Structures are given as structure tokens and as C-alpha cells.
Amino acid sequence: MSLPDEIPPVTSFVQEEMVDGATQTLAARLSRLPPIVLLRLLAFMHLVEDPAAMKAALDITPSGSMRLTLDTAVTPSPANRH
């Protein structure tokens with residue numbers, strides 16, 4: 001009978017520290033984004049979480065500019081309105 005694989009305590013501690021550092025850095029960067037960018041990011045996250053509830057249209061012009069339009073028929077609850 002063999003012992004179960006265990007994560008050494010030092011490795012676990014280092015992973016936790018790295019995750020905490022990444023989380024703090026991401027939160028600091030997100031807080032500096034303009035409100036419109038935050039709304040666009042939130043809409044994209046909703047598309048990824050529940051693709052069936054969103055309609056996406058990607059328009060690309062001959063010059064190369066792109067426009068992603070996200071729309072939903074789902075009415076958000078008052079707590080989730082932005």
C-alpha cells in the first residue's frame with residue numbers, strides 16, 4: 001500500500017502566495033480601467049459564462065477595424081444592472 005500523493009507544504013505556500021499576488025495585481029489594474037471598458041469586459045464574461053443567453057455579432061471592415069456587438073434578451077435582476 002502506498003501513501004497518497006501530497007503537495008509539499010512549501011510548494012503549497014508558494015502557490016498560494018502567487019495566486020494572492022496575481023489577484024491583487026489584477027484587481028489594481030481593473031480599478032484603473034474606464035467604466036466603459038469594465039462594462040465591455042463584463043458583457044464578454046457573460047457571453048463566456050452563458051453563450052445561449054447572448055447574441056454576438058462580429059463586424060470587420062475592409063480597413064481591418066472590428067466591432068463585437070453583444071446583446072441579450074435576458075432582463076438582468078436589479079442587483080445585476082450596470
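Owing to the predicted nature of the structure, the values given are computational and were not obtained by experimental measurement.

> Explain the overall build of the protein to me, please; I cannot follow it from the model alone.
On a plain count of helices and strands, the protein comes out with 2 helices and 2 strands. In the protein, the succession of helices and strands from N to C terminus is α-α-β-β. Counting every position in the protein, which comprises 82 residues, the buried fraction comes to 2%. Put simply, 14% of the contacts in the protein that link residues at least 6 apart link residues at least 24 apart.

> Explain the confidence of the model for the protein to me, please; I cannot follow it from the model alone.
Low pLDDT marks stretches whose predicted atomic positions should not be read closely. Of all residues in the protein, 77% attain a pLDDT of 70 or more, and the chain-wide mean is 80. Here helix α1 (residues 9-31) is the element of the protein with the lowest mean pLDDT, 82, and strand β1 (residues 54-60) is the one with the highest, 87.

> How do you make sense of the pairing of β1 when you look at a structure like this?
In regular strands, side chains alternate between the two faces of the sheet. Taken together, the 7 bridges between β1 and strand β2 (residues 66-72) define a ladder with antiparallel strand orientation. Across the sheet, residue Leu58 finds its bridge partner in β2, namely Leu68.

Conventions we followed
- Residues numbered from 1 in each chain as written.
- Predicted model: local features only at pLDDT ≥ 70, side-chain atom pairs only at ≥ 80, totals over all residues.
- Heavy atoms only, no water.
- Helix = DSSP H or I, 4+ residues; strand = E, 2+ residues; numbered from the N terminus.
- Buried < 20%, exposed > 50% of the residue type's maximum accessible area, 1.4 Å probe, protein only.
- Contact = heavy atoms within 4.5 Å.
- pLDDT = per-residue confidence, 0-100.
- Pairing = 2+ DSSP bridges.

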